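What follows is the residue order along each chain.
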Amino acid sequence: MMDLLNAIVALSNFVIIPAMSYGAQLALGALGVTLIYGILRFSNFAHGDTMAFGAMVTVLVTWLFQSWGLSLGPLPTALLALPFGILGCMALVLTTDRIVYRFYRAQKAKPVIFVIVSLGVTFILNGLVRFIIGPDDQRFLDGERFIISARTFKEMTGLREGLAFKTTQGITIITAVIVVALLFWFLNRTRTGKSMRAYSDNEDLALLSGINPERVVMITWLIVAGLATIAGVLYGLDKSFKPFTYFQLLLPIFASAIVGGLGNPLGAIAGGFVIAFSEVTVTYAWKKVATYVLPESMAPDTLVQLMSTDYKLAVSFVILLIVLLVKPTGLFAGKAV
Amino acid sequence: MSSDPYSDRGNKDLSLGNPKGMGTATPVKPGGKAYPAVGGPFLIGENMTGGYGAGPDILHDCTIAVDRGEIAVIVGPNGAGKSTGMKAVFGMLNLREGHVKLDGEDITQLSPQDRVARGMGFVPQTSNIFTSMTVEENLEMGAFIRTDDISGTMAQIYDLFPILKEKRLQAAGELSGGQRQQVAVGRALMTQPKVLMLDEPTAGVSPIVMDELFDRIIEVARTGIPILMVEQNARQALEIADKGYVLVQGRNAYTGTGKELLNDPEVRKSFLGG
Ligand SMILES: Nc1ncnc2c1ncn2[C@@H]1O[C@H](COP(=O)(O)OP(=O)(O)OP(=O)(O)O)[C@@H](O)[C@H]1O
Ligand SMILES: [Mg+2]
């Protein structure tokens, strides 16, 4: 009995909680990608670096606040800086839209051209971020590190296994829930949100209904900037802020959006968790859990790790392939790919 | 391959882009102004010449108009430019020559949004509903420019088309063809337009529903809204028309009252099937 409890705790500690928070970060990223895909009609390869830019502004403002001695007590100061990061990111995406994408919209360029353009934008952002903050790891996390630390948990429960619940994981999950709820309320209940769905459905008819396309595009970018910055900051708090990791993050984010069904916000969320859980479970060393659950005679000698963590990116793609083979529109019937 | 460097170069991969629902119109750009132009019918597209984008002219010196309290009907063979004419009147394509005037103003330079704001309602021939949205949301989007309470108008639409009330929470794309047409007309009526333009509202509709729709259209016209309508059911449409236009190859071939056209032997022979 005790063993089973220990197994559950170990599983939560190493798999469920980390995958939940990673999944929430991916879901927020994928929501941004899916919104751009649905409304601006292209796969935005600059999304990873948009996240990096928003997170970078947040990091800089956090440092400023820290130097002023501002803090949120047990919570990271970054939360206080987050709104400024979002504003900075909004300014960035509106500027890029103004000087880059708007031109191609006016030409009625095909989506594939936008994709390549976004690839160009990503390299510029990539350089910009590294130029401003440098290519290295940056620490900006402060405040209480744990909501429950492994040791407190062990003392509380008397179990052999500890359960650590980091503040950043708690914040990630709570923020994601709030943001997703707000986004869905906005898209399904407000006039502006509905006009965005209408534009996504049928641009010409939206025009005939008096919906201003440029306004829809602007609001989409603003929302995407918010989502990207929040996702970027949460990831940075949870792991660390390093510009290049955001470029790499683009891959699991796209995998999430496609697995869930591109263009479908619900799918983006589901996709994020599917990818996160697969990555974490496949690269987790199951020895500890197995030892608790299995009878002594069957206890494993090896780590029982399916793949080394170095391959975790590959996992996203295997999942992506499997889903696309079985259900080409993704789990939640987005556009057929 | 076309010479346009921004056109489709054959890549149809949907994981890169989402072409569904993409706009095809090249509407008049926002920012234009209207000028006073006194006199003339309530809505008129006058001596319109123009085509799509940089393509050839489809309309040649074509004039269509509707006055207060009237129903005007445009008929003509497939590809005559009837839909093109309607789009031109609505600003969904750029005119090379000619003017569009509404209620004493020259609105040729106004964008479609501005024309909606001035009281024009348009039901295009194709893609005339938001398929992924519910019937009710379609109607709400029709009323997008309104800031007042729309529940009264919505109730009127539901009275006019009772089937829509039943299906109001269903996605419009899941309705039958005839029901979709009702959604499309309902959407356009939601703005409380001062003039309504319908491009083949009875396309793909069974004869009974067609009679019904015609009755509804007459009902709407009786409330004082002028209606400019393209119809394939020429005979039936001309019977209710105060004014009729026969377009051929982008030109006005015959113009007259509905009765005149119905009795004109030439028109009968070539367009009404004897
Ligand atoms: N989006 C477009 N781009 C380029 N050419 C077009 C476009 N739409 C229509 N055309 C051309 O314009 C001409 C007139 O088309 P239009 O749709 O106005 O005809 P119509 O009279 O409405 O015919 P129908 O009775 O079949 O609806 C046709 O030759 C067609 O090929
Ligand atoms: Mg037509």
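Residues numbered from 1 in each chain as written. Chains lettered and ligands numbered in written order. Predicted model: local features only at pLDDT ≥ 70, side-chain atom pairs only at ≥ 80, totals over all residues. Heavy atoms only, no water.

1. Remarks on the confidence of the model for chain B
- Here chain B shows a mean pLDDT of 90. Residues at 70 or above account for 96%.
- Here the predicted complex scores 0.91 on pTM and 0.91 on ipTM. (pLDDT = per-residue confidence, 0-100.)

2. Topic: the packing of helix α6 (residues 167-189) of chain A against helix α7 (residues 191-201) of chain A
Residue and element names in this part refer to chain A.
- Across the interface, α6 lies against α7 with an axial gap of 5 Å and an inter-helix angle of 75°. Judged on the interaxial angle alone, α7 and α6 are roughly perpendicular. Here α6 contributes Phe-186, Leu-187, Asn-188 and Arg-189 to the contact with α7, which in turn contributes Arg-191, Thr-192, Gly-193, Lys-194, Met-196 and Arg-197.
- Counted by class, the contact of α6 with α7 contains 3 nonpolar, 3 polar and 4 charged residues. (Axes fitted to C-alpha atoms, helices over the stretch in contact; angles between N-to-C directions. Helix = DSSP H or I, 4+ residues; strand = E, 2+ residues; numbered from the N terminus. Parallel < 35°, antiparallel > 145°, perpendicular 65-115°, else oblique. Contact = heavy atoms within 4.5 Å. Nonpolar A, V, L, I, M, F, W, Y, C, P; charged D, E, K, R; others polar.)

3. Considering the layout of surface pockets
- Approximately 820 Å³ is the volume attributed to the largest pocket.
- The wall of the largest pocket is formed by 33 residues, among which A:Arg105, A:Ala106, A:Lys108, A:Glu214 and B:Pro27 lie closest to the centre.
- Sorting the residues of the lining of the largest pocket by element identifies α1 (2-40), α3 (78-106), α4 (111-133), α8 (203-208) and α9 (213-238) of chain A together with α2 (112-117) of chain B as the ones contributing at least two each.
- Considering only residue class, the lining of the largest pocket consists of 15 nonpolar, 9 polar and 9 charged.
- In this structure, the second largest pocket occupies an estimated 670 Å³ of space.
- Along the walls of the second largest pocket sit 22 residues, with A:Arg197, A:Gly263, A:Asn264, A:Pro265 and B:Ser132 positioned nearest its centre.
- Looking at the lining of the second largest pocket residue by residue, the class counts come to 9 nonpolar, 9 polar and 4 charged. (1 Å grid on protein atoms, 1.4 Å probe; cavity = no way out; pocket = protein on both sides within 12 Å on 5 of 7 lines; lining within 4 Å. Points joined across faces, edges and corners; volume = space filled by probe spheres on them.)

4. Some details on the coordination of the magnesium ion (ligand 2)
Residue and element names in this part refer to chain B.
- Protein coordination at the magnesium ion (ligand 2) comes from Ser-83 (OG) and Gln-125 (OE1), with a distance range of 1.9 to 2.0 Å. Highlighted residues: Ser-83 in helix α1 (residues 82-90) and Gln-125 in the loop between β7 (120-123) and α3 (135-142), separated in sequence by 42 residues.
- Taking the relative accessible area as the measure of exposure, Ser-83 reaches 18% and is therefore buried. (Donors = N, O, S within 2.8 Å, 3.2 Å for Na, K, Ca; no water. Buried < 20%, exposed > 50% of the residue type's maximum accessible area, 1.4 Å probe, protein only.)

5. Considerations on the site of ligand 1
Residues and elements named next belong to chain B.
- Residues in close proximity to ligand 1 total 13 residues, the closest being Gly-79, Lys-82, Ser-83, Thr-84 and Gln-232.
- Ala-80 places a polar main-chain atom, nitrogen or oxygen, 3.2 Å from an oxygen atom of ligand 1.
- Between Gly-81 and ligand 1, the recorded distance is 2.9 Å, taken from a backbone N or O atom to an oxygen atom.
- Against a free-state accessible area of 640 Å², the protein chains account for coverage of 61% of ligand 1.
- For the shell around ligand 1, the residue count by class is 4 nonpolar, 7 polar and 2 charged. (Near = heavy atom within 4 Å. Polar contact = N/O pair within 3.5 Å; in protein donor to acceptor, adjacent residues only side chain to side chain. Areas by Shrake-Rupley, 256 points an atom, 1.4 Å probe, with all protein chains shown as cover.)

6. Regarding the nonpolar core
- Membership of the largest hydrophobic core comes to 132 residues, with the highest contact counts inside it found for A:Leu28, A:Phe241, B:Leu43, B:Met120 and B:Met197.
- When residues in this core are grouped by element, the largest group, 15 residues, is from α9(A).
- The residues contacting B:Leu43, other than those within four sequence positions of it, are B:Ile64, B:Ala65, B:Val66, B:Val89, B:Val100, B:Lys101, B:Leu102, B:Met120, B:Val195, B:Met197 and B:Leu228.
- One finds B:Val123, B:Ala172, B:Leu261 and B:Val267 within the second-largest nonpolar core, a separate group that totals 44 residues. (Core = buried A, V, L, I, M, F, W, Y, C linked by side-chain atoms within 4.5 Å.)

7. A few points about the sheet that holds strand β11 (residues 251-256) of chain B
Residues and elements named next belong to chain B.
- Taken in spatial order, the 6 strands of this open sheet run β7-β8-β9-β4-β10-β11, and their pairing is mixed. The open sheet has two edge strands with one neighbour each: β7 and β11. Along the sheet, successive strands turn relative to each other by an average axial angle of 15°, direction set aside.
- Bridging between strand β10 (residues 243-248) and β11 involves 5 bridges; their strand directions are antiparallel. Along β11, the bridge assignment pairs Leu-247 with Asn-252.
- Sheet strands touched by helix α7 (residues 207-222): β4 (71-75), β8 (195-199) and β9 (227-230). Its angle to β9, the strand with the most contacts, is close to 155°. (Pairing = 2+ DSSP bridges.)

8. Observations regarding helix α2 (residues 47-68) of chain A
Residue and element names in this part refer to chain A.
- For α2, spanning 22 residues, the distance from its first C-alpha to its last is 32 Å, which sits close to the expected 32 Å at 1.5 Å a residue.
- Burial analysis of α2 places 16 of its 22 residues in the buried class, the great majority of the element.
- Following α2 by one or two positions, Gly-69 adopts a phi angle in the positive range, close to 85°. (Expected span 1.5 Å × (residues − 1).)

9. Topic: the environment of A:Trp185
Residues and elements named next belong to chain A.
- By the element assignment, Trp-185 lies in helix α6.
- Residue class for Trp-185 comes out partly exposed when judged on its relative accessible area of 49%.
- In the structure, Trp-185 is positioned 117 residues away from Trp-68 in sequence and 37 Å away in space, judged by C-alpha atoms.

10. Overview of the interface of chain B and chain A
- Across the contact, 43 residues belong to chain B and 42 residues belong to chain A.
- Here chain B meets chain A over a buried area of about 3,700 Å², counting both sides, of which 60% is carbon and sulfur.
- The largest share of the area that chain B buries against chain A comes from B:Tyr6, B:Asn18 and B:Phe144, three residues that together contribute 21% of it.
- If you look at where chain B meets chain A, you find 2 salt bridges. (Buried area = accessible area lost by both parts, 1.4 Å probe. Salt bridge = Lys/Arg side-chain N within 4 Å of Asp/Glu carboxyl O.)

11. Digging into the side chain of A:Gln25
- Take A:Gln25: it is sitting in helix α1.
- Exposure remark for A:Gln25: the relative accessible area of 2% places this residue in the buried category.

12. Focus on the pattern of salt bridges
- On inspection of all chains with the given rule, the structure shows 15 salt bridges over all chains.
- A:Glu203 is the partner of A:Arg41 in a salt bridge, and the nearest nitrogen-oxygen pair spans 2.7 Å. Separated by 162 residues along the polypeptide, A:Arg41 in the loop between α1 and α2 and A:Glu203 in helix α8 bring together distant segments of the chain. By the burial criterion, A:Arg41 is buried, and A:Glu203 matches it.
- Residues B:Glu137 and A:Arg197 are paired through a salt bridge, measuring 2.9 Å at the closest nitrogen-oxygen approach.

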